[in-house]
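The residues making up each chain are set out below.
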Amino acid sequence: LKLRTDLGDAAEEREGSVEQHEKELRALRGRIDSLQAEQQAADSPAKGGAGEGGLSAEVAAALRESEERLTEQVEEATTALEGLQSKLDAQLQQLGARISAAHEPALEALRAELSKLRDQDRKDLDAQLAALRDRAAPPEAPAEAKAAAGEDVSKLKADLG
């Protein structure tokens, strides 16, 4: 009982940890999306401005710097997201193993009980079949029954013939 309680507590802690990781993953995905949107917004004016006579060197350098910073942030966020995903996968695998280990003794006991019941049912069925065979068998021996049947057939032939 204590093991089940401890495992239940551990499972709840893991579930809370998993939920926290999922929140962090969603936040990072949102951050990645916003960074990508910023990068696209930064790319759009640079392309449009260049067509209208070009940008000043200062603005172009600032855009390149901003793009590099943004690219670096996206890569960091992606790396963090991958790290969290691998942590989450490992924790889920551990949780699955612990749950399996916790329920294994109960499953083994259930299998043993079912095996005993199946054996008892088979014995009962064999006893019932033996009783039915005894009831269905004629009280005479088979050879005597054949001889009596043969006499009955002969008698019927004589009566008919």
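Residues numbered from 1 in each chain as written. Predicted model: local features only at pLDDT ≥ 70, side-chain atom pairs only at ≥ 80, totals over all residues. Heavy atoms only, no water.

Student: For this particular structure, what's the right way to read helix 2 (residues 57-136)?
Tutor: Each turn of an α-helix holds 3.6 residues, which means side chains three or four residues apart point in the same direction. The terminal C-alpha atoms of helix 2 lie 110 Å apart, and with 80 residues this matches the ideal 118 Å at 1.5 Å per residue to within 8%. Within helix 2, burial applies to Ala-60, Leu-70, Val-74, Ala-77, Leu-81, Leu-84, Leu-88, Gln-91 and Leu-95. (Helix = DSSP H or I, 4+ residues; strand = E, 2+ residues; numbered from the N terminus. Expected span 1.5 Å × (residues − 1). Buried < 20%, exposed > 50% of the residue type's maximum accessible area, 1.4 Å probe, protein only.)

Student: How should I be thinking about the pattern of salt bridges in this particular structure?
Tutor: Any two side chains of opposite charge can pair, so long as their charged atoms come close to each other. Scanning all chains against the criterion turns up two salt bridges. A salt bridge links Arg-111 to Glu-104, with the shortest nitrogen-to-oxygen separation between them at 3.8 Å. You can call Arg-111 partly exposed: its relative accessible area is 46%. Of the charged contacts in the structure, one is a salt bridge between Arg-111 and Glu-108, with a shortest N-O distance of 2.7 Å. On the criterion of helical spacing, the pair formed by Arg-111 and Glu-108 is a turn pair, its members being three residues apart in helix 2. Beyond isolated ion pairs, a larger network of salt bridges with shared partners links Glu-104, Glu-108 and Arg-111. (Salt bridge = Lys/Arg side-chain N within 4 Å of Asp/Glu carboxyl O.)

Student: Sorry if this is basic, but what is going on with the side chain of Gln-91 here?
Tutor: Here Gln-91 shows up in helix 2. Given a relative accessible area of 16%, Gln-91 falls into the buried group. In this view, Gln-91 contacts Arg-14, Ser-17, Val-18 and His-21; residues no more than four positions away in its chain are not counted. (Contact = heavy atoms within 4.5 Å.)

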